[in-house]
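So the chains spell out like this:
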Amino acid sequence: MQIEKHKVDELNHQQSNTHKRNFEYVAADVANLDEVLAKVGAFNVAIPSWALGTGGTRFGRFSGGGEPRSLEEKIEDVGVIQALNKSSNSISLHIPWDIPENAASMNALAAQLGLHFDAVNSNTFQDQKDQKLSYKFGSLHHTDKAVRQQSVEHNIQVIKYGQELNSKALSVWLSDGSNFPGQLNFRKAFQNTLESLEEIYAALPDDWKVWVEYKPYEPNFYSTTIGDWGQSYLLASKLGPKASTLVDLGHHLQGTNIEQIVSLLLMEDKLAGFHFNDSKYGDDDLTVGSINPYQLFLIFNELVEGMDAKGINHATGLGWMIDASHNVKDPIEDLLQSVQAIKIAYTQALLVDKAALVAAQQNNDVVLAQEILQQAYRTDVRALVAEASLRNGGAINPVDAYRKLKVRENLINERGLNTVATGL
Ligand SMILES: [Mn+2]
């Protein structure tokens with residue numbers, strides 16, 4: 001299904017008076033309005049191929065209707081998101097859940113919808129049907145060289161798929177770890193992982209990067225081999241300039257100061273980018289901004305400050321991607337909500353009075369520093385985000401437009417009620 005632009009325009013027209021009033025109210029206090037709108041308009045977040053179907057728990061999955069049955073249909077769903085929010089112009093593939101059998105036709109379909117392919121993600125955290133050796137005891141860190149070799153070859157294969165799609169990065173997340181004390185020699189596990197990643201690194205094309213994701217635990221785990229940003233940073237540093245650390249917001253223990261991690265990784269040129277989501281307890285894969293929007297704002301505040309200090313382009317300098325799972329929501333609605341939440345936090349961060357904040361910090365004026373941050377955070381920037389979308393041809397309110405255009409009903413008509421997306 002493709003969204004017809006005139007239908008979006010028609011909905012925008014119906015909402016234009018209210019939007020104009022809200023926009024003018026907030027815009028009056030924004031000194032660099034055009035710059036802010038241009039930056040928000042240029043900001044895009046990649047959609048992961050595995051988030052277009054309903055997710056599940058370890059116990060079950062409740063499929064929604066009209067789920068995409070193929071990679072083509074997943075690309076079409078990202079096309080729907082992009083047509084509505086004009087901020088999701090790429091898709092990130094997971095191999096082997098979404099193997100692009102015919103790269104030329106995938107590229108053509110993506111281009112037709114104004115999309116391109118973002119980072120490709122490898123998978124050595126589950127066994128595939130035709131697989132020779134098992135990942136039961138890990139992959140890149142495995143005690144057996146043959147298992148390590150198999151997982152290295154898989155990652156190199158993923159790079160090859162990515163090259164055909166013009167991707168520029170390989171994203172690696174491992175569930176390698178140990179379940180009980182004594183099971184693993186931590187140092188050997190780390191060194192095995194490093195050696196395996198060195199082989200993958202050597203296979204990277206010149207203009208490619210490898211992003212090393214970390215995560216503290218999986219259910220039943222005693223240790224995780226890439227468990228935190230320090231371990232990822234250590235690997236990325238030893239690998240070289242094409243390797244950096246990927247931050248997944250849900251991959252932190254409760255109370256971790258993620259914004260501080262972001263700040264230091266940026267300082268060291270080792271921040272690859274983000275997997276956005278939100279969480280209450282652990283890796284809950286909840287909608288971005290649904291639990292702790294203030295933390296998201298504080299992260300963006302560090303990002304904007306840190307990227308400006310390095311002259312990094314906000315829109316293209318780092319990898320921006322959602323990594324979430326929706327057990328009860330319509331996946332497309334969830335993704336639209338997530339991208340809106342990211343854009344809201346980014347816009348608020350752009351409104352921070354930096355000169356005043358620097359002065360307050362220098363003077364140890366703690367009260368004023370807090371006031372400056374919260375002045376930006378408490379500004380209702382939704383009309384600024386809507387205006388940026390409108391100027392790009394998107395919807396003032398993407399979720400509302402999705403519902404009014406009856407996209408899910410159309411997808412169910414097209415694909416059927418009992419469809420199950422490939423992937424998790
Ligand atoms: Mn992730």
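All of the points below concern the structure found in this document. All of these numbers come straight from a predicted model, not from anything done at the bench.

1. Observations concerning the overall build of the chain
When you go through the chain residue by residue, the secondary structure sums to 16 helices and 11 strands. Each principal axis of the C-alpha distribution contributes one length, and for the chain these read about 65 × 60 × 40 Å. Burial analysis of the chain (424 residues in total) assigns 48% to the buried set.

2. Focus on the sheet that holds strand β2 (residues 90–92)
A sheet is described by the order of its strands in space; here 3 strands give the open sequence β1-β2-β3, paired in parallel fashion. Where the open sheet ends on each side, the last strands, each with one partner, are β1 (47–48) and β3 (116–117). Bridging between β2 and β3 involves 2 bridges; their strand directions are parallel. Bridge pairing in β3 places I91 opposite F117.

3. Points about the packing of helix α3 (residues 33–42) against helix α11 (residues 331–350)
Axes are the key here: two packed helices are described by the angle between their axes and the distance separating the axes. Between α3 and α11, the least distance of the axes is 10 Å, while the angle of their chain directions is 150°. Classed by the angle they form, the pair α3 and α11 counts as roughly antiparallel. Judged by the sense of rotation from one axis to the other, the crossing of α3 with α11 is right-handed. Residues V36, K39 and V40 of α3 form the contact with α11, whose participating residues are K343, Y346, T347 and L350.

4. Overview of the sheet that holds strand β4 (residues 120–121)
Taken in spatial order, the 6 strands make up an open sheet running β4-β5-β7-β9-β10-β11, and their pairing is parallel. Here the strands that pair on one side only, and so sit at the sheet edges, are β4 and β11 (319–322). The pairing of β4 with strand β5 (residues 169–172) spans 2 bridges and is classified as parallel. Its bridge partner lying in β5, V120 is registered against L170.

5. Regarding unusual backbone geometry
In this structure, P96 follows I95 across a cis peptide bond, with omega equal to 15°. Tracing the chain through its elements places P96 in the loop between β2 and α5 (103–112). The residue N166 is not glycine, and still its phi comes out positive at about 65°. Within the fold, N166 resides in the loop between α6 (145–164) and β5. Despite not being glycine, N364 has its phi angle at roughly 55°, a positive value. As for its position among the elements, N364 is in the loop between α12 (354–362) and α13 (366–377). Residue N364 is classed as exposed on the basis of its C-beta count, with 8 C-beta atoms lying within 10 Å.

6. Here's the deal with the nonpolar core
In terms of nonpolar packing, the biggest core is built from 111 residues, with L84, V210, V212, V262, F300, I322 and A345 touching the most fellow members. Element by element, the count of residues in this core is highest for α11, at 11 residues. Beyond its immediate stretch of four places on either side in the chain, A345 contacts G289, P293, L296, F297 and F300.

7. A closer look at helix α4 (residues 71–85)
With 15 residues, α4 should cover 21 Å at 1.5 Å per step; its first-to-last C-alpha distance of 21 Å lies within 8% of that length. Following α4 by one or two positions, K86 has its phi on the positive side, about 50°.

8. Focus: the environment of A243
Relative to the helices and strands, A243 is located in strand β9 (residues 243–248). What makes A243 buried here is the crowd of 25 C-beta atoms within 10 Å. For the pair A243 and V210, spaced 33 residues apart in sequence, the C-alpha separation works out to 4.9 Å. Not counting chain neighbours up to four residues away, the residues in contact with A243 comprise Y201, V210, V212 and A236.

Criteria and thresholds
- Residues numbered from 1 in each chain as written.
- Predicted model: local features only at pLDDT ≥ 70, side-chain atom pairs only at ≥ 80, totals over all residues.
- Helix = DSSP H or I, 4+ residues; strand = E, 2+ residues; numbered from the N terminus.
- Buried ≥ 20, exposed ≤ 12 C-beta atoms within 10 Å, placed from the backbone.
- Pairing = 2+ DSSP bridges.
- Axes fitted to C-alpha atoms, helices over the stretch in contact; angles between N-to-C directions.
- Parallel < 35°, antiparallel > 145°, perpendicular 65-115°, else oblique.
- Left-handed = near helix turned anticlockwise from the far one by under 90°.
- Contact = placed C-beta atoms within 7 Å.
- Core = buried A, V, L, I, M, F, W, Y, C linked by C-beta atoms within 7 Å.
- Expected span 1.5 Å × (residues − 1).

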